Amino acid sequence: MLLFALLVCFSGSVLGQLEESQFGDETDFDLTDFDLDIAPRRVPRQVKTIITKETKPHIQELSIKTTIISRYAFTAVYCAMLNRHTAATEGVFQFQIPAGAYVSNFTMIIGGRVYQSEVRPKEKRVKQESGRAKNKEAGDASPEPELEVFKMAAKIPGRNRAIFLLTYEELLQRRLGRYEHVTSLRPMQLVSRLSLDVTIVDHSPVTDLQVLPLRNGRSNTSPAKPGPPVTTVIKKEQNVCKVTFSPNIVQQAKITTNGLLGDFVVRYDVQRDMGIGDIQVLNGHFVHYFAPKDLPVVPKNVVFVIDTSASMLGRKIRQTKDALFTILRDLRPGDRFNFISFSNKIKVWQPNRLVPVTPLNVRDAKKFIFTLATTGGTNIDDAIQTGSSLLREYLSDPDASPNSVSLIIFLTDGRPTVGELQSTAILGNTRSAVQEKFCIFTIGLGNDVDYRLLERMSLENCGMMRRIHEDADASAMLKGFYDEIGTPLLSDIRINYTENSVQYVTQHLFTNYFNGSEIVIAGKLTNQSAESLHVQVTASNNDKSIILETDVPLRHRQIEMEKHVKAATAAMAEGAKVLGSVTEDFVERVWGFLSVKEGLRSRLRSQTSKEREEYIQQATNLSLTYHFLSPVTNLVVEKPEVLADNTMAPAPTIAPAGREDVSNANELPGDSEDGKPQEPNKEAGSRTSSLSNNIGKVQRRPAKKSITVSKTSADGDPHFVVEFPLSKLTVCFNINGEPGHVLRLVSDHKHSGVTVNGKLIGAPAPPGSHKQQRTYFSTITIVVDRPRRAYIEVTPKKVILDGRDRMVLPCHSTVSVDSGVLSVSIVGKSNVTVTVGGNISFVILLHQYKNPAPYQRDHLGFYIGHSKGLSHNCHGLLGQFLYQEVGVAELPAEGDMKPASVLKVKDRSVPVVQKSRKIYSGAQSVDCWFARNNAAKLIDGQYEDYLMSHMFDTGDWPHGTNRV
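Residues numbered from 1 in each chain as written. Predicted model: local features only at pLDDT ≥ 70, side-chain atom pairs only at ≥ 80, totals over all residues. Heavy atoms only, no water.

For the rest of this paragraph, the subject is empty space enclosed by the protein. Counted as a void, the largest cavity has a volume near 80 Å³. Together, Phe-304, Ile-306, Thr-320, Leu-324, Ile-327, Ile-409, Leu-411, Ile-443, Leu-478, Phe-481 and Tyr-482 line the largest cavity. Contributing elements (two or more residues each) for the lining of the largest cavity: strand S21 (300-307), helix H3 (315-330), strand S25 (405-412) and helix H8 (474-485). (1 Å grid on protein atoms, 1.4 Å probe; cavity = no way out; pocket = protein on both sides within 12 Å on 5 of 7 lines; lining within 4 Å. Points joined across faces, edges and corners; volume = space filled by probe spheres on them. Helix = DSSP H or I, 4+ residues; strand = E, 2+ residues; numbered from the N terminus.)

Attention shifts here to the packing of helix H5 (residues 380-396) against helix H6 (residues 423-434). Contact pair H5 / H6: the axes reach a minimum separation of 9 Å and the direction vectors enclose 5°. If you check the angle between H5 and H6, you find them roughly parallel. Here Ile-380, Asp-381, Ile-384, Gln-385, Ser-388 and Arg-392 of H5 come into contact with H6, specifically with Ile-426, Asn-429, Thr-430, Ala-433 and Val-434. Residue composition of the contact of H5 with H6, grouped by class: five nonpolar, four polar and two charged. (Axes fitted to C-alpha atoms, helices over the stretch in contact; angles between N-to-C directions. Parallel < 35°, antiparallel > 145°, perpendicular 65-115°, else oblique. Contact = heavy atoms within 4.5 Å. Nonpolar A, V, L, I, M, F, W, Y, C, P; charged D, E, K, R; others polar.)

Both trends apply: most residues other than glycine have a negative phi, and most peptide bonds are in trans. Cis geometry marks the peptide bond from Asp-717 to Pro-718; its omega dihedral reads 15°. Within the fold, Pro-718 resides in the loop between strand S35 (713-715) and strand S36 (719-724).

The pairing of strand S50 (residues 900-905) with strand S51 (residues 908-919) spans five bridges and is classified as antiparallel. Across the sheet, residue Lys-904 finds its bridge partner in S51, namely Ser-909. Where S51 and strand S52 (residues 924-931) come together, eight bridges link them in antiparallel fashion. Each residue of the ladder has a partner; that of Val-913, found in S52, is Phe-930. In sequence, S51 turns back onto S52 through a hairpin of four residues, with Tyr-920 there showing a positive phi of about 55°. (Pairing = 2+ DSSP bridges.)

Here we take up the nonpolar core. Among the nonpolar cores identified, the biggest contains 66 residues, and Phe-733, Phe-842, Phe-862 and Leu-938 are the most heavily contacted of them. Listed in part, the 51 residues of the second largest apolar core include Phe-93, Ile-97, Val-206 and Phe-245. (Core = buried A, V, L, I, M, F, W, Y, C linked by side-chain atoms within 4.5 Å. Buried < 20%, exposed > 50% of the residue type's maximum accessible area, 1.4 Å probe, protein only.)

What follows concerns the state of the cysteines. Note: disulfide means a covalent bond formed between the sulfur atoms of two cysteine side chains. Inspection of the entire model under this criterion finds two disulfides. Through a disulfide, Cys-439 is tied to Cys-462; the S-S separation comes to 1.9 Å. Judged by the sign of its S-S torsion, about -105°, the cystine formed by Cys-439 and Cys-462 is left-handed. Pair noted here: Cys-439 is in strand S26 (residues 439-445) and Cys-462 is in the loop between helix H7 (451-459) and strand S27 (465-468), with a separation of 23 residues, a long-range link. A relative accessible area of 1% places Cys-439 in the buried class. (Disulfide = S-S within 2.5 Å.)

As summarised here, the arrangement of the four strands in space is S30-S28-S32-S33, forming an open sheet in which the pairing is antiparallel. Since the sheet does not close on itself, it has two edges, and those belong to strand S30 (509-514) and strand S33 (544-553), each with one partner. Between one strand axis and the next, the sheet turns through 25° on average, direction left out of account. Bridge analysis of strand S28 (residues 488-497) against strand S32 (residues 532-541) gives five bridges, and the strand direction is antiparallel. Of the residues in S32, the one forming a bridge with Tyr-497 is Val-535.

So, about the side chain of Thr-75. With respect to the helices and strands, the residue Thr-75 is situated in strand S4 (residues 72-83). A residue is classified by how much of its surface remains accessible, and Thr-75, at 0% relative accessible area, is buried. At a separation of 2.8 Å, a polar atom in the side chain of Thr-75 contacts the side chain of Thr-66. Beyond its immediate stretch of four places on either side in the chain, Thr-75 contacts Ile-64, Lys-65, Thr-66, Leu-166, Thr-167, Tyr-168 and His-181. (Polar contact = N/O pair within 3.5 Å; in protein donor to acceptor, adjacent residues only side chain to side chain.)

Applying the stated criterion to the full structure yields 30 salt bridges. Salt-bridge contacts for Asp-278 lead to Arg-71; the nearest nitrogen and oxygen are separated by 3.3 Å. Taken as a pair, Asp-278 in strand S19 (residues 278-282) and Arg-71 in the loop between strand S3 (58-69) and S4 lie far apart in primary sequence, 207 residues in all. In terms of burial, Asp-278 and Arg-71 fall into one category: buried. Through salt bridges with shared partners, a single network forms among Arg-71, Arg-174, Asp-202, Asp-269, Arg-272, Asp-278 and Glu-518. (Salt bridge = Lys/Arg side-chain N within 4 Å of Asp/Glu carboxyl O.)

What follows is about the sheet that holds strand S12 (residues 174-175). One open sheet accounts for four strands, arranged S12-S13-S18-S15; its pairing is antiparallel. Sheet topology places S12 and strand S15 (206-211) at the edges, where each strand pairs with a single neighbour.

Right, let's talk about the packing of helix H11 (residues 586-605) against helix H12 (residues 609-625) for a bit. One way to put it is that H11 packs onto H12 with a least axis distance of 8 Å and a crossing angle of 160°. In terms of orientation, H11 and H12 fall into the roughly antiparallel class. In this structure, the crossing between H11 and H12 has a hand that is left-handed. Where H11 abuts H12, its residues Trp-591, Ser-595, Val-596, Gly-599, Leu-600, Ser-602 and Arg-603 lie against Arg-612, Tyr-615, Ile-616, Gln-618, Ala-619, Leu-622 and Ser-623. Taken together, the residues that form the contact of H11 with H12 break down as seven nonpolar, five polar and two charged. (Left-handed = near helix turned anticlockwise from the far one by under 90°.)

Applying the stated criterion to the full structure yields 32 aromatic pairs. Geometrically, the ring pair formed by Phe-93 and Phe-150 is edge-to-face, given 6.5 Å between the ring centres and 65° between the ring planes. Taken together, the residues span a long stretch of sequence, with Phe-93 in strand S5 (residues 89-98) and Phe-150 in strand S10 (residues 147-156) at a distance of 57 residues. Given the relative accessible area of 2%, Phe-93 is considered buried. Members of the aromatic cluster, connected to one another through ring pairs, are Tyr-72, Phe-74, Tyr-102, Trp-591, Phe-593, Tyr-626 and Phe-628. Across from the ring centre of Trp-591, 5.2 Å away, lies the NZ or CZ of Lys-524, which sits over that ring. The residue whose ring lies beneath Lys-915 is Phe-930, and the NZ or CZ to ring-centre distance is 4.2 Å. (Phe/Tyr/Trp six-rings, centres within 6.5 Å; stacked < 30°, edge-to-face > 60°. Lys NZ or Arg CZ within 6 Å of the ring centre and 35° of its normal.)

Glancing now at the pairing of strand S20 (residues 285-290). Across the six residues of S20, six count as buried, placing the element largely inside the fold. Alternating residues of S20 divide into His-285, Val-287 and Tyr-289 and Phe-286, His-288 and Phe-290, and every residue in both groups is buried. Bridge count between S19 and S20: five bridges; the pairing is antiparallel. Looking at the pairing, Gln-280 lines up with Val-287 of S20. Following S19, the chain reverses through two residues before pairing antiparallel with S20; Asn-283 in that reversal takes a positive phi of roughly 50°. Sheet topology places S20 next to strand S31 (residues 519-525); six bridges connect them, and they run antiparallel. Its bridge partner lying in S31, Phe-290 is registered against Ile-519.

A rise of 1.5 Å per residue sets the reference length of helix H4 (residues 359-370), with its 12 residues, at 16 Å; its end C-alpha atoms lie 17 Å apart and thus fit the reference within 8%. For H4, the full list of buried residues reads Asn-361, Val-362, Ala-365, Phe-368 and Ile-369. The buried residues of H4 occupy an angular sector of 115° when projected down its axis, which confines them to one face. Turned more than 90 degrees from where H4 packs its buried face, Pro-359 and Phe-370 sit exposed. Close packing links the buried residues of H4 with H3, strand S22 (336-342), strand S23 (346-348) and strand S24 (355-356). (Expected span 1.5 Å × (residues − 1). Arc of directions from axis to C-beta.)

Printed below as a string of structure tokens:
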């Protein structure tokens, strides 16, 4: 679906061509080949040596742009890679993404072709390249504990570039009172132009914004130089914060010469009010953020179960002991606790009981921890059974606090080697022992852990799993994990909404709420016109029951969120504007994101194969709907092939399977190849809707949302239509130009920097017509001069985009590309949307014929979509009317003649008659006042004043200013 959605989306699907770069012989390249953003004489000799000795393709530009809107983060990655050798060379694009994020688009542009990815169900086998993040399965050792690697290798023709576009999305989790966004900067080489932009937009004021030093290793130890990385710029307003990081190549080399800069970490929180929480409503969906504070702490009953097998010898057991010593100091007087160590044998510090927190008990516990010795195997099953028995017996005691929170914290560095070895049996035994009376939180330490077992054990018993990498600072991470769950504030939380007003609500029952975290629920509204939504939260706190209730004004919240989204779009960094379409539906995407996560968790908890398949089907269906690369889907892209002549193999003549169900039903229609208006694809979403689960019945959406444009346009012969919203009138006129004429449609060069020109092509008039010939627009050019010059040239067959890179995009493919200054989104064989900044857009219809008659020519229709960014001095055949007001008057009848109508334009009276015009490829008829004689007196000046010398002419209106 993405735009982004590509934003990026980049989203959409990017298909196109990159013009080949012209270079000299391989032996002649120098540092200019690398497009360094720095004077060559200032580049140290060591840096020059590193660059010139590099044999793999050089990364000329790596741009990462993230927009976080109400804690939901959209990230767009742009990577331009240069093969400076004469022979084709393999380029490897790899990027580490957060483990909890989902890739939503991947596109490659190589040697004149665009390779767009597609999400498919995982069980479908295809003979194509599959690029995806490596999912962490049991025992999988990833380079970083919180990151996964997305990797794709592709051949790049000699003396050419490849562009890789990646987008991913994630819902930030609140831990210890902060949201944390991590961007991995590990390009594996020095980069000519490296930039990172993080924009945070929240309708609650942003607080505690902090940019950490680059996190280089797996250790969390403090760096020598605290503070943000060099070149970091932070701009903070109440609701919008922008963080940029753009080290040049020398500054990168001072950090490291191998390109492994580290993790760029941004932390923040938002101001929140006491009460029901923050509920946001947008386009039929809602998301509810609940994070109460200033509540009394609930006592906890905790049993620490610690692995002391032989593999824990050395650093692991030392760091574990250090963390436990620290944790002991943080236990509260109302808590109760115990320790169990396990290897071949099970040792309980205080048999058959949980002890209160007293100075004497803490001292004795430290002695027990200090004397822990490592030996023997790993008996996970008996250890869990023993800890569960301790908690069950304590909770059955009449003196036990009824509202306390009970939990097991279980740590191991290995797989079961003693006692019960089968994971399914261990999980079954654990469920029987726990009896839903307490939660199990699991910690995996190192690379030899059965993480799948620990994840299922925690998920099935209302806990969480945390992995700690072999080389990480285990002591700090253990303490950090305990801090997250060490302060329970509520238990047995239930969140309800007005009955029959919502559906498909994500998890709304929670065992515990810990201080500094956040509960997030999302759902769909069954009645968008309802005035309010009643929300009720019930929970237990220590010895009290808590009930919170309120009525949420839905319309008010919808208006608030629309403003919020506009602010987010306006705040986006240049180059991330393509994210705009996706952010407009961010609440729905939060719902989709949470629903996929919930389906995957339910899959792990499922007890039967039928139940498991239902959850897999649900998660797969939603992943396809939102184009998420999840554990149940693959991201498939055609494998690029370089031919002997150093060009790319042509695209397959048959569309890859699975793309035929992408519908353009909500798109602005264009003409099909046979000249008939395209009909909506009534089979759209058939694959999605056929899946048998309730949530999965969501229809798969087209690549972009429906296009809303004004009637102001130039289409057909060409027929001009001008809409005057203030006057509630529509005016139309024809221009009888000559083939080859270049007409000025929009002229705002001095103000917004935008100019639009259209070139006419001729065709014989149809039989019986009163005309000698007809003319149509064969080419439309949009030139932009701010902040830097760029242009888009559109023909019925291709789009040339010259911005950050020069690309040639075929019009038969669906595609979205953002050049930084301009962005273009193509709906194959239908229309092209061109966006300038955030408030100017034009839509160009593609009229193509498969077997044209002699009087038919492939041509274009031009529509003004969004014009607020154009100035009041705007001119041109269409532009001059954007801010005009007109009126219609009736002249008295003379003799037997009917009363005549005149249009009042400025100080001119223009005779007009009523006519009807078809626009949007015949999809809509519009009644208009028609001005004859080439729009004489309607337009400023004469027709000849609008003739340009060439398609890129940006000259002003000939009368000296853009207006008369």
